[in-house]
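Architecture at a glance
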Amino acid sequence: MFIEVETHCHTIASGHAYNTLEEMVTEAKNKGLKGICITDHGPEMPGSCSSLYFYNLVVVPRKIDGIMVFRGCEANIIDYEGAIDLPESALKRLDFVIASLHDVCIPPGTVLDHTRALIGAIKNPNILCIGHPGNPLYEIDKEAVVKAAKEYNKAIEINNASFYVREKSKENCIEILKLCKKYGVYIAMGSDAHFKTDIARCDITQKLIEEYEFPHELIVNKSLENFLEFLRLHGKNIE
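Cut-off values and rules
- Residues numbered from 1 in each chain as written.
- Predicted model: local features only at pLDDT ≥ 70, side-chain atom pairs only at ≥ 80, totals over all residues.
- Heavy atoms only, no water.
- 1 Å grid on protein atoms, 1.4 Å probe; cavity = no way out; pocket = protein on both sides within 12 Å on 5 of 7 lines; lining within 4 Å.
- Points joined across faces, edges and corners; volume = space filled by probe spheres on them.
- Nonpolar A, V, L, I, M, F, W, Y, C, P; charged D, E, K, R; others polar.
- Helix = DSSP H or I, 4+ residues; strand = E, 2+ residues; numbered from the N terminus.
- Buried < 20%, exposed > 50% of the residue type's maximum accessible area, 1.4 Å probe, protein only.
- Polar contact = N/O pair within 3.5 Å; in protein donor to acceptor, adjacent residues only side chain to side chain.
- Axes fitted to C-alpha atoms, helices over the stretch in contact; angles between N-to-C directions.
- Parallel < 35°, antiparallel > 145°, perpendicular 65-115°, else oblique.
- Left-handed = near helix turned anticlockwise from the far one by under 90°.
- Contact = heavy atoms within 4.5 Å.
- Salt bridge = Lys/Arg side-chain N within 4 Å of Asp/Glu carboxyl O.
- Phe/Tyr/Trp six-rings, centres within 6.5 Å; stacked < 30°, edge-to-face > 60°.
- Lys NZ or Arg CZ within 6 Å of the ring centre and 35° of its normal.
- Core = buried A, V, L, I, M, F, W, Y, C linked by side-chain atoms within 4.5 Å.

- With an unreviewed UniProt entry as reference, the chain is termed Phosphatase, source organism Caldicellulosiruptor naganoensis.

Section: empty space enclosed by the protein
- Counted according to the given criterion, the structure contains one cavity of 30 Å³ or more.
- Within this model, the largest cavity holds a volume of roughly 40 Å³.
- Leu101, Leu118, Gly131, His132, Pro133, Asn135 and Tyr138 together form the lining of the largest cavity.
- Among the residues forming the lining of the largest cavity, the class breakdown is four nonpolar, three polar and no charged.

Details of the environment of Ser89
- Examined against the element boundaries, Ser89 turns out to sit in helix 3 (residues 88–91).
- Among the residues examined, Ser89 registers a relative accessible area of 42% and is labelled partly exposed.
- Separated by 23 residues in sequence, Ser89 and Leu112 have C-alpha atoms that sit 30 Å apart.
- Polar contacts involving the side chain of Ser89 include one to the side chain of Tyr55, which spans 2.4 Å.

Things to note about the packing of helix 7 (residues 169–183) against helix 8 (residues 203–211)
- Two elements in contact, helix 7 and helix 8, have axes separated by 11 Å at closest approach and are oriented at 40°. Classed by the angle they form, the pair helix 7 and helix 8 counts as oblique. Between helix 7 and helix 8 lies a crossing whose hand is right-handed. Between helix 7 and helix 8, the contacting residues are Lys170, Ile174 and Leu177 on the first element and Ile204, Leu208 and Ile209 on the second.
- For the contact of helix 7 with helix 8, the class distribution of residues is five nonpolar, no polar and one charged.

Things to note about the pattern of salt bridges
- One pass over the full model with this rule turns up 13 salt bridges.
- Notably, a salt bridge pairs Arg116 with Asp113, separated by 3.6 Å at the nearest N-O pair. Here Arg116 and its partner Asp113 are both found in helix 4 (residues 111–123), three residues apart, which amounts to about one turn of the helix.
- According to the relative accessible area criterion, Arg116 is partly exposed, its value standing at 32%.

Regarding the packing of aromatic side chains
- Under the defined criterion, the tally for this structure stands at four aromatic pairs.
- With a centroid separation of 5.3 Å and an interplanar angle of 65°, the aromatic rings of Phe96 and Phe227 are classed as edge-to-face. Placement of the pair is Phe96 in strand 5 (residues 96–100) and Phe227 in helix 9 (residues 224–233), with a sequence separation of 131 residues.
- Among the residues examined, Phe227 registers a relative accessible area of 0% and is labelled buried.
- Three or more aromatic residues joined by ring pairs form one cluster here, namely Phe70, Phe96 and Phe227.
- For the cation-ring pair, Arg201 lies above Tyr164, with the distance from its terminal atom to the ring centre recorded as 4.2 Å.

A few points about the nonpolar core
- Ranked by internal contacts, the top residues of the largest apolar core, which has 65 residues, are Ile36 and Ile187.
- A total of six residues in this core trace back to one element, the largest contributor, which is helix 7.
- Dropping the residues within four chain positions of it, Ile36 is found in contact with Val5, Glu6, Cys9, Met24, Val25, Ala28, Ile67, Met68, Val69, Phe70 and Ile199.
- Within the second largest apolar cluster, 17 residues are counted, among which are Cys37, Phe96, Leu128 and Phe230.

Details of the environment of Glu6
- By the element assignment, Glu6 lies in strand 1 (residues 5–6).
- Apart from residues no more than four positions distant in its own chain, Glu6 is found in contact with Leu33, Gly35, Ile36, Cys37, Gly190, Ser191, Asp192, Asp198, Ile199 and Ala200.
- Within polar-contact distance, the side chain of Glu6 engages the backbone nitrogen of Ala200 at 2.6 Å.

Right under this line is the structure:
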């Protein structure tokens, strides 16, 4: 596989995904990964789990069948200041929190609104990654968001699923990728898998990485060590 850690995937706890946590981990092992982040949707997503689910992720073993399991969430941004749908006490128990804009949780506004929301989320010390910022429903000032990610050492996701489910995402993602390269900003290559066979799927993202010669050392999930080092940068020392 091109990556060693899956940073964005969903289980049945999200309400619109179709495999259990254990099934996702097994598939990650079958694909030769070394780690997987379980990032179910926050509670504002219709049909998703309550905040108690995220508090209790500490009961999930750190390793299952030799695969490192990272406790995460795809939190929903719920206002244009960048607030999300999980309390700080839950966030502190997690390893890797993605913050994303979803139209079922917050209506699209202006470019300024969306940009302010993402930068507000970036400033939250508990959020380590911005999810699918290439979404054309939420056009942003790409350079401003990438510069903010640089300032706070956060990752910007290049979301492989977006190329299939969000029309016009590719053009936005290419611009974002170029800016991340220009400013030396971390990226995460997330599959956004909602079914196990999509775990670690990064076919289009990989092509873009190669085409634009993006530095592999800035891909947080290229290797397990890259990912652990990125977490350590944010005070999360995981053995």
